[in-house]
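Topology and contacts: notes
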Amino acid sequence: MEYEITNRPSFAELVATLDEGDRIRLESSSLVSHTQGVEITSNDRGGLTASLKETLLGDDATFSTVLTANRPGTVTVAPPFPGDIVHYELREETLYVQSCSFLAAQPDVEFDAEFSRDKTFVENESDFLLELTGSGLSFMASYGAISVVSLDPGETYVVDTGHVVAFEETVDFSVRRVEGVKSLRGTEEGCLAEFEGPGTIWTQSRSPSAVLAWLVPNLSDEP
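Residues numbered from 1 in each chain as written. Predicted model: local features only at pLDDT ≥ 70, side-chain atom pairs only at ≥ 80, totals over all residues. Heavy atoms only, no water.

**Side note on the overall build of the chain**
Rules: Helix and strand assignments come from DSSP, with helices taken as H or I runs of at least 4 residues and strands as E runs of at least 2, each series counted from the N terminus. Remark: exposure states derive from per-residue accessible area (1.4 Å probe, protein chains only) relative to the maximum for the residue type, with buried under 20%, exposed over 50%, and partly exposed in between. Whether two residues are in contact is decided by their heavy atoms: any pair within 4.5 Å suffices. The Shrake-Rupley method, run with a 1.4 Å probe, gives the accessible areas here. Residue values count only the displayed protein chains as cover.
When you go through the chain residue by residue, the secondary structure sums to 2 helices and 17 strands. Among the 223 residues that make up the chain, the fraction classed as buried is 46%. Across the chain, every contact between residues at least 6 apart in sequence was considered, and the portion connecting residues at least 24 apart equals 78%. Surface exposure of the chain reaches about 11,100 Å², of which carbon and sulfur atoms provide 46%.

Laid out in C-alpha cells, this is it:
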C-alpha cells in the first residue's frame, strides 16, 4: 500500500493507494471518498471486548470500517478536527493511541481497548486508549499541530491527557488528577499524564476535551 498525506498541516487528508486485494481499516467516521472497485467489506470493533463494547460503544456501535480493493484504487480519509496526520510503522510491537486520534491501519495491525493500566487516562467517556499490536502502517490524526517528544531512559515529561495522541510501549506512564486544571466535567481538577522514557510521545497542540469543556456550558436550548 502506498500513501500520501495531503493538505498539511492544518487540514490533512490521507490518500491510500490500494492494489487489488489490499485492505485498510479506518476509523468509522473518517471516510471521505473511494474509487470504483473499492468496497466496504466489513464493520468490526477490532477486538474490543464485549464489556468494553457495552460500556463505551453501545450494543450496535461500530468503531472501525474495513475497505477492500477488488481492483486498484484509492481511499481518502480525514479526521473530524482540523489538524495534521502522522504515520507509524509497527514492527512486531505495540503502540498506544487515543481512540479519537486513530485514523487508519493496515489489516495486519490488530487493536484492542487498553483499560487495565489506568481507567482515568481519558475524560470523555466515548474515548478510550487503543492498543495497536503487530506489523504494518498505522496513521494517527491530531487536533492542531503534532509535536514529537523523544525521551531518554529515566527522563520524564508531563502532558495534559487531552493533548496526548500516542506513545510507544517502551514509555511508562501514570495519571493523576490535579487541581487548577479545568476538566471536561467543569470541575477545577484535570488529568495529567507523567511519562517516563525511553521512547517517543506524540502530542497535539489543541485538546478536544478542552474545546468541549468550553463549548458545553455555553450551549443553550433556546432558539
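**Some points on the pairing of strand β2 (residues 13–18)**
Basically, it comes down to this: Only when DSSP finds a minimum of two bridges between them are two strands counted as paired.
One ladder, built from 5 bridges, connects strand β1 (residues 2–6) with β2; its direction is antiparallel. Residue Ile5 lies in a different strand from β2, and its bridge partner there is Leu14. In this antiparallel pair of consecutive strands, β1 and β2, the connection spans 6 residues, and Asn7 shows a positive phi of 55°. Here 5 bridges tie β2 to strand β7 (residues 73–77), and the two strands are oriented antiparallel to one another. Across the sheet, the residue bridging to Leu18 is Gly73, located in β7.

**Digging into the sheet that holds β1**
Put simply, the rule reads: Under this scheme, a helix contributes an axis fitted over its contacting stretch, all axes are lines through C-alpha atoms, and angles between N-to-C directions fall in the 0 to 180 degree range.
Judged by pairing direction, the sheet is antiparallel, and its 4 strands sit side by side in the order β1-β2-β7-β4 without closing on themselves. The sheet terminates laterally at β1 and β4 (31–34), the two strands that pair on one side only. Averaged over all neighbouring strand pairs, the angle between strand axes comes to 20°, with direction disregarded. In this structure, β4 lies alongside β7, joined through 3 bridges in antiparallel fashion. What sits directly across from Leu31, in β7, is Val77.

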